[in-house]
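# An overview of the molecular structure
Here are the chains, one letter per residue:
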Amino acid sequence: MAWNRALFVLIAALAVLASGAPSKTAIKPRNEELREALEEYRVRFDELHREKDLFLQFARTGLWASVRQMNEEVLQDLGAVRNTVEYGFDDVRLDISLLIVEGNHQEQCLLDLVYEIVAEKVRLGDEISRCAAGTTETKDALPESFYEFLNLLQRLSNSIAELTLYSFISQNSVTDPEAHLAFLEETFIETERSWNDEARPLMQFELDAMELNRPLIVADNAECVAEITASQQSFENYIREKIPSCL
């Protein structure tokens, strides 16, 4: 009876130990832990990629708006001076034409004034082209490095989303899963740091440079076309002063 009682106590104790010990199904296999950790990093890198894509979209929008405003201001000034050159001599040419029609004045002298006006219009047109070419070269060169920088960051942003997958090329998750996870952690921290501490300030610097230089480029173009407008008015005055000599 004592032996039976002792056996019963032993069986009961083993049953308690068995119920308290973790079963094999309760212990996560190492590869399952790795899969979960890799999925976590995949999500984190994907979120980082989307965040940086939004940042790049903001930068592109800011750049596009700045360039568009600059182009509109430049084209407005160039269009105004073109109209001045194209139509600014109409009144004096009409006056000369009326004098020729009267037939009481030196027709050849008056015609020579018309030829001078035509030649001056050609010269002023060349000056407009010179202003436009110089301004275009300057304003196109300004955002060029910015576009290159944006394209580089876009490629880096795209690679972030695939970094977890690419990590299997350089890391051996079978023989050393801890090193693989450590690599992902270090890479994530460094990627986030480089974006926040290096890429973002550089991007803001480029945007600030655009905003700083945009009015300067517009002002240089306005100064160039203002000289053409002044030349047109000066030449018109010169022609009017010569008209009496043909009467």
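Residues numbered from 1 in each chain as written. Predicted model: local features only at pLDDT ≥ 70, side-chain atom pairs only at ≥ 80, totals over all residues. Heavy atoms only, no water.

From N to C terminus, the protein chain includes seven helices and zero strands. In the protein chain, the succession of helices and strands from N to C terminus is α-α-α-α-α-α-α. Looking at the protein chain as a whole, 30% of its 247 residues are labelled buried. (Helix = DSSP H or I, 4+ residues; strand = E, 2+ residues; numbered from the N terminus. Buried < 20%, exposed > 50% of the residue type's maximum accessible area, 1.4 Å probe, protein only.)

Residue placement: leucine 99 occurs in helix α3 (residues 90-102). The exposure class of leucine 99 is buried, given its relative accessible area of 16%. A C-alpha to C-alpha distance of 9.5 Å links leucine 99 and cysteine 246, two positions 147 residues apart in sequence. Residue contacts for leucine 99: discarding those within four places in its chain leaves His105, Leu110, Ile243 and Leu247. (Contact = heavy atoms within 4.5 Å.)

Each disulfide is one covalent bond, formed between the sulfur atoms of two cysteines. Going through the model one piece at a time under the given rule, you end up with two disulfides. Bridging cysteine 131 to cysteine 224, the disulfide has an S-S length of 1.7 Å. When the S-S torsion is -80°, as for the bridge of cysteine 131 with cysteine 224, the disulfide is left-handed. Remark: cysteine 224 occurs in helix α7 (residues 177-242) and cysteine 131 occurs in helix α4 (residues 107-141); sequence separation between them is 93 residues. (Disulfide = S-S within 2.5 Å.)

With that out of the way, let us pick up the pattern of salt bridges. Counted by the stated rule, this structure contains 16 salt bridges. Here arginine 50 makes a salt bridge to aspartate 46, at a shortest N to O gap of 2.3 Å. Within this pair, arginine 50 and its partner aspartate 46 are both found in helix α2 (residues 30-87), separated by four residues, close to a single helical turn. Assessed through its relative accessible area of 44%, arginine 50 is described here as partly exposed. (Salt bridge = Lys/Arg side-chain N within 4 Å of Asp/Glu carboxyl O.)

α4 packs onto α3 with a crossing angle of 160° between their chain directions and a minimal axis gap of 10 Å. In terms of orientation, α3 lies roughly antiparallel with respect to α4. Of the two possible hands of crossing, α3 and α4 adopt the one that is left-handed. Packed against α3, whose contacting residues are Val92, Arg93, Ile96, Leu99 and Ile100, the element α4 presents Glu107, Leu110, Leu111, Leu113, Val114, Ile117 and Lys121 at the interface. (Axes fitted to C-alpha atoms, helices over the stretch in contact; angles between N-to-C directions. Parallel < 35°, antiparallel > 145°, perpendicular 65-115°, else oblique. Left-handed = near helix turned anticlockwise from the far one by under 90°.)

Take the side chain of glutamate 236 next. For glutamate 236, the position within the fold is in helix α7. Ignoring any residue separated from it by four or fewer positions in sequence, one finds glutamate 236 in contact with Gly88, Phe89 and Val92.

Now for the confidence of the model for the protein chain. Of all residues in the protein chain, 83% attain a pLDDT of 70 or more, and the chain-wide mean is 80. Within the model, the stretch residues 1-29 combines pLDDT values under 50 with three contacts to residues more than four positions away or in other chains. (pLDDT = per-residue confidence, 0-100.)

Turning our attention to α3. Between the first and last C-alpha of α3 there are 18 Å, a value that for 13 residues agrees with the 18 Å anticipated at 1.5 Å per step. Looking only at α3, the buried set comprises Val92, Ile96 and Leu99. The arc enclosing the buried residues of α3, seen along the axis, measures out at 60°, which places them on a common side. The exposed set on the far side of α3, more than 90 degrees from its buried face, consists of Asp91 and Val101. Of the residues one or two after α3, glycine 103 is the one with positive phi, at around 75°. (Expected span 1.5 Å × (residues − 1). Arc of directions from axis to C-beta.)

In the contact formed by α3 and α7, the axes pass within 10 Å of each other and the chain directions differ by 15°. When the axes of α3 and α7 are compared, the pair comes out roughly parallel. The handedness of the crossing between α3 and α7 comes out as left-handed. On α7, the residues touching Asp91, Val92, Asp95 and Ile96 of α3 are Glu236, Ile239 and Arg240. The residue makeup of the contact of α3 with α7, split by class, is three nonpolar, no polar and four charged. (Nonpolar A, V, L, I, M, F, W, Y, C, P; charged D, E, K, R; others polar.)

If you add up the space inside the largest pocket, you get close to 170 Å³. Taken together, eleven residues form the lining of the largest pocket, with Leu156, Ile160, Thr191, Ser194 and Trp195 sitting closest to its centre. Looking at the lining of the largest pocket, the elements with two or more residues in it are α5 (144-161), α6 (163-170) and α7. Ranked by residue count, the leading element in the lining of the largest pocket is α7, at five residues. Among the residues making up the lining of the largest pocket, the classes are represented as seven nonpolar, three polar and one charged. (1 Å grid on protein atoms, 1.4 Å probe; cavity = no way out; pocket = protein on both sides within 12 Å on 5 of 7 lines; lining within 4 Å. Points joined across faces, edges and corners; volume = space filled by probe spheres on them.)

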